[in-house]
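Listed below are the residues making up each chain.
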Amino acid sequence: MSGEYQMRKTIGKCFRSSTDNFNGVIRIYGSPYMYRVINGIPEKGAMLEVVDFSSTELFVTVNNYLFESDVNYVDNP
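The residue numbers shown here count from 1 along each chain, following its written sequence. With the structure being a predicted model, the display of local features is reserved for residues of pLDDT at least 70 and the display and counting of side-chain atom pairs for 80 or more, all residues being used for whole-chain, interface and lining totals. Excluded from the side-chain calculation are hydrogens and water; included are all heavy atoms of the structure.

> Can you help me understand the overall build of the chain in this one?
Strands here mean DSSP runs of E at least two residues long; helices mean DSSP runs of H or I at least four residues long; both are numbered from the N terminus. Looking only at helices and strands, the chain features one helix and five strands. Listing the helices and strands of the chain from first to last along the sequence gives α-β-β-β-β-β. Atoms considered for the radius of gyration are the C-alpha atoms alone. The globule rule reads 2.2 Å times the number of residues to the power 0.38. Since a compact globule built from 77 residues should have a radius of gyration of about 11 Å, the 11 Å found for the chain is in line with a globular shape. Principal-axis analysis of the C-alpha atoms gives the chain an extent of 35 × 25 × 20 Å. When accessible area is computed with a 1.4 Å probe and restricted to protein chains, residues below 20% of their type maximum are described as buried, those above 50% as exposed, and intermediate ones as partly exposed. Scored against the burial criterion, the 77 residues of the chain give a buried share of 36%. Long-range pairs, those at least 24 residues apart, make up 48% of the contacts in the chain with a sequence separation of at least 6. Split by element, the accessible area of the chain, about 4,800 Å² in all, is 53% carbon and sulfur. Where the 7 positive side-chain charges of the chain centre and where its 9 negative ones centre are 6 Å apart. The contact criterion used is simple: two residues touch if any of their non-hydrogen atoms lie within 4.5 Å. For the accessible areas, the method is Shrake-Rupley and the probe is 1.4 Å, while residue cover comes only from the protein chains on display. In this tally, Asp and Glu contribute negative charge and Lys and Arg positive charge; neither His nor the terminal groups of the chain are included. Positions of charges follow a simple convention, taking NZ of Lys, CZ of Arg, CG of Asp or CD of Glu.

See below:
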């Protein structure tokens, strides 16, 4: 249950893609999460938004209308 709670907390979070791959890893709340782009074409620097999750990964969409100043933005070093 704890894992699902952590995944649920990531819904709505956004970050800049560091690659142009459809799959990657992001750290949110100090924990690494695998993600997969399910809508849009990822490009390096594109803004990605978490919209859903499974037991093993986050599902994200490309949403370039979001900015780093958004309250849900997380850094992706």
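This is not the end of the story, as more comes after the structure.
> In this structure, what is going on with the pattern of salt bridges? I would like to understand it.
Here the idea is simple: oppositely charged side chains can pair when their charged atoms come close. Salt bridges are defined as contacts in which a side-chain nitrogen from Lys or Arg sits within 4 Å of a carboxyl oxygen from Asp or Glu. In total, this model carries three salt bridges according to the counting rule given. As a salt-bridge pair, Glu68 and Arg16 come within 2.7 Å of each other at their nearest N and O atoms. Note that Glu68 is positioned in the segment after strand 5 (58-62) and Arg16 in strand 1 (residues 14-16), a separation of 52 residues in sequence. Residue Glu68 is classed as partly exposed on the basis of its relative accessible area of 40%. We classify Arg16 as partly exposed; its relative accessible area is 23%.

> Can you help me understand the pairing of strand 5 in this one?
Looking along a regular strand, one sees side chains alternate from face to face of the sheet. With four of five residues buried, strand 5 lies mostly within the body of the structure. In short, DSSP must find at least two bridges between two strands for them to pair. Bridge analysis of strand 3 (residues 31-39) against strand 5 gives four bridges, and the strand direction is parallel. Across the sheet, the residue bridging to Arg36 is Phe59, located in strand 5. Relative to strand 5, strand 4 (residues 47-53) is paired through five bridges, and the arrangement is antiparallel. Residue Asp52 lies in a different strand from strand 5, and its bridge partner there is Phe59. Once strand 4 ends, the chain turns through four residues before running back antiparallel as strand 5.

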